[in-house]
Amino acid sequence: MQQQQQQQQQQQLDPFTPELLTESGKTSYRFRCPGPGVFQCALTGLVFVTTQEAELLYNIVQWDGSLLQSAGRMAAGPLYDIRCSEEAAVCQLHLPHCEIIDAPLPDGLLSVVHITDDGMSILEPLEITDSHVVVNVPHLSVFGLGWNVVKRLWTKPVSGQVLLFLGHLTPETERQKLNVLLLPRNIPLSTVSAQYHQSRNIQVPSTCRLIKDQSYTVHCPQAVTIQPKKADFELEFGPNYHPTFEIRLPVNTPEVTLIVQDEGQSVWEHDVDMIEEERLRRKQEEEEKRKREEEKKLRRKPEEEEKLRKKQKKTADMLLDILKDMDEEEFKDFKWNLRNMREIKRCDLEHADRRKTVDLMLAYGRQEAVNMTRESLMEIPRNDLVERLAAEGFPG
């Protein structure tokens, strides 16, 4: 009967994407359950079985290693602090694990650690599926998975993931930094990404098998340097997620091959399209810049908006006069240079007259339009027009 109920709950699983609340690199998740049901968080993998409508707020907190050690346990997943607007709304939790279940697990290997103001208790699971540990909860507080340190065979691998974060280009060295993280699979990508908010996560198939305290190396033929040369896989669950490897790449590297090895045996390999990643990064930066400009615009007073409009028109007129001072061949070369330095669509530029070209540049902002004009003029070269820009109050 219990198995039938569990199967029914699995069939009725309702995935949701929570609201992300990020502050100082730390992420919290918020979701309002509409009523009774089985709801799975798309970002953490947590499953909540609820009996009524309620608002959930949860985040990852740091384990107390000494507390676990006193109970003969070791962390087997992130530790979640879970709060709910209605005390009895959540009756059951499904916590994601990182075990590879290719054979029955030893009894008592995995359990749920429950921490309250009164101390720590160990809850025995109702069920362990291929992906989750299921447990009934009397009330919500802090929950996480724990391994029995005696029963876990540490030469047995866990299900892991390889996460890649690409940093910004460093103009001085003409290098890009690619951080490689080896982590257990039940650490949420969203939580790690919050700590690498200035880098871009490269979406790749990430699944691999990793062994605690085993030494791993990463190979990349295109790399300038890889640090360190080898690293042990630390089976830790936050709250901080440091790079396992740092790879420095030459600028404009079109593609890299990454291989993670264990004593010469490949455990993960992927070809990464870096040009596509750079294009996506620029697009993301432009979108973020556009949003910031929209937010500023909403906060402006009418008189400030009119003042900005006049500045925009003055800049547009000045740029148009400069383009009119070119012959057709120079104008053609000017547009060709624009296409190579910015992501203006070729089809937009190809048939654009001088007015349309000014509009396309101004879409990036007044100062950026002037910078683009200056760079392209220097390529033609028309230094006399560059000097005119400086005379108009736009020095290089």
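Residues numbered from 1 in each chain as written. Predicted model: local features only at pLDDT ≥ 70, side-chain atom pairs only at ≥ 80, totals over all residues. Heavy atoms only, no water.

A closer look at the sheet that holds strand β4 (residues 37-41)
- If you trace the six strands from one edge of the open sheet to the other, you get β1-β4-β5-β9-β13-β12, paired in mixed fashion. Since the sheet does not close on itself, it has two edges, and those belong to β1 (13-16) and β12 (127-128), each with one partner.
- Alignment of β4 against strand β5 (residues 47-50), held across four bridges, turns out to be antiparallel. Within β5, the position partnered with V38 by the bridge is V49. (Pairing = 2+ DSSP bridges. Helix = DSSP H or I, 4+ residues; strand = E, 2+ residues; numbered from the N terminus.)

Side note on the sheet that holds strand β24 (residues 265-273)
- If you trace the four strands from one edge of the open sheet to the other, you get β21-β19-β23-β24, paired in antiparallel fashion. Edge positions in the sheet fall to β21 (231-232) and β24, since each has one partner strand and no second.
- Two strands pair when backbone bridges link them, and strand β23 (residues 255-262) and β24 are joined in this way by eight bridges, in the antiparallel orientation. Among the inter-strand pairings, V256 is bridged to a residue of β24, identified as V272.

A closer look at the nonpolar core
- Counting 74 residues, the largest nonpolar core has F48, Y58, W147, L164, L182, V192 and L258 as the members making the most contacts within it.
- Take this core: its biggest share by element is six residues, from strand β15 (residues 158-166).
- With residues up to four places along the chain from it excluded, the contact list for L164 reads L178, N179, V180, R200, N201, I202, V204, L258, W268 and V272.
- Among the nonpolar cores identified, the runner-up in size contains 26 residues, and A316, M326, M361 and Y364 belong to it. (Core = buried A, V, L, I, M, F, W, Y, C linked by side-chain atoms within 4.5 Å. Buried < 20%, exposed > 50% of the residue type's maximum accessible area, 1.4 Å probe, protein only. Contact = heavy atoms within 4.5 Å.)

Details of the pattern of salt bridges
- Tallied over the full model, the rule gives 13 salt bridges.
- With a closest N to O distance of 2.9 Å, R152 and E99 form a salt bridge. One end of the pair, R152, is in the loop between β14 (142-148) and β15; the other, E99, is in the loop between β9 (90-96) and β10 (110-116), with 53 residues separating them in the sequence. Assigned by exposure class, R152 and E99 land together as buried.
- The salt bridge involving E328 is made with R354; its shortest N-O contact spans 3.2 Å. Residue E328 is located in helix α6 (residues 328-341), and its partner R354 is located in helix α8 (residues 354-362); the two are separated by 26 residues in the primary sequence.
- By relative accessible area, E328 is classed as exposed at 54%.
- Residues joined by salt bridges that share partners form a network here, namely E99, R152 and K156. (Salt bridge = Lys/Arg side-chain N within 4 Å of Asp/Glu carboxyl O.)

Structural notes on the packing of helix α9 (residues 366-379) against helix α10 (residues 383-391)
- Following both chains from N to C, one finds α9 and α10 inclined at 155°, their axes separated by 8 Å at the closest point. Here α9 lies roughly antiparallel to α10, going by the angle between them. As α9 packs across α10, the resulting crossing turns out to be left-handed. Along its contact with α9, which presents V370, T373, R374, L377 and M378, the element α10 presents L385, V386 and L389. (Axes fitted to C-alpha atoms, helices over the stretch in contact; angles between N-to-C directions. Parallel < 35°, antiparallel > 145°, perpendicular 65-115°, else oblique. Left-handed = near helix turned anticlockwise from the far one by under 90°.)

Considering the confidence of the model for the chain
- Taken residue by residue, the chain gives an average pLDDT of 87. The fraction at 70 or more is 92%.
- When pLDDT is averaged over each helix and strand of the chain, the minimum, 46, is found for helix α1 (residues 2-11) and the maximum, 97, for strand β19 (residues 215-219). (pLDDT = per-residue confidence, 0-100.)

Description of the packing of aromatic side chains
- Scanning the model with the defined rule gives seven aromatic pairs in all.
- On the numbers, 5.2 Å between centres and 55° between planes, the contact of F48 with Y58 is tilted. On the criterion of sequence distance, the pair formed by F48 in strand β5 and Y58 in strand β6 (residues 54-61) is long-range, its members being ten residues apart. Both residues of the pair, F48 and Y58, belong to the buried class.
- What links up through ring pairs into an aromatic cluster is the set F16, F31 and F39.
- Positioned above the aromatic ring of W154 is the side chain of K212, whose terminal nitrogen or guanidinium carbon lies 5.6 Å from the ring centre. (Phe/Tyr/Trp six-rings, centres within 6.5 Å; stacked < 30°, edge-to-face > 60°. Lys NZ or Arg CZ within 6 Å of the ring centre and 35° of its normal.)

Overview of α9
- Look at α9: 20 Å from first C-alpha to last across 14 residues, which is about the 20 Å you get at 1.5 Å a residue.
- Along α9, the residues classified as buried are E368, A369, V370, M372, T373, R374, S376 and L377. (Expected span 1.5 Å × (residues − 1).)

Notes on the state of the cysteines
- Under the criterion given, the structure shown has zero disulfides.
- Of all cysteine sulfurs in the structure, the one in C33 sits closest to C91, which takes part in no disulfide; the separation is 11 Å.
- Exposure remark for C91: the relative accessible area of 30% places this residue in the partly exposed category.
- Here C98 is not disulfide-linked; the sulfur of C208 is the nearest cysteine sulfur, at 11 Å.
- A relative accessible area of 1% means that C98 is categorised as buried. (Disulfide = S-S within 2.5 Å.)

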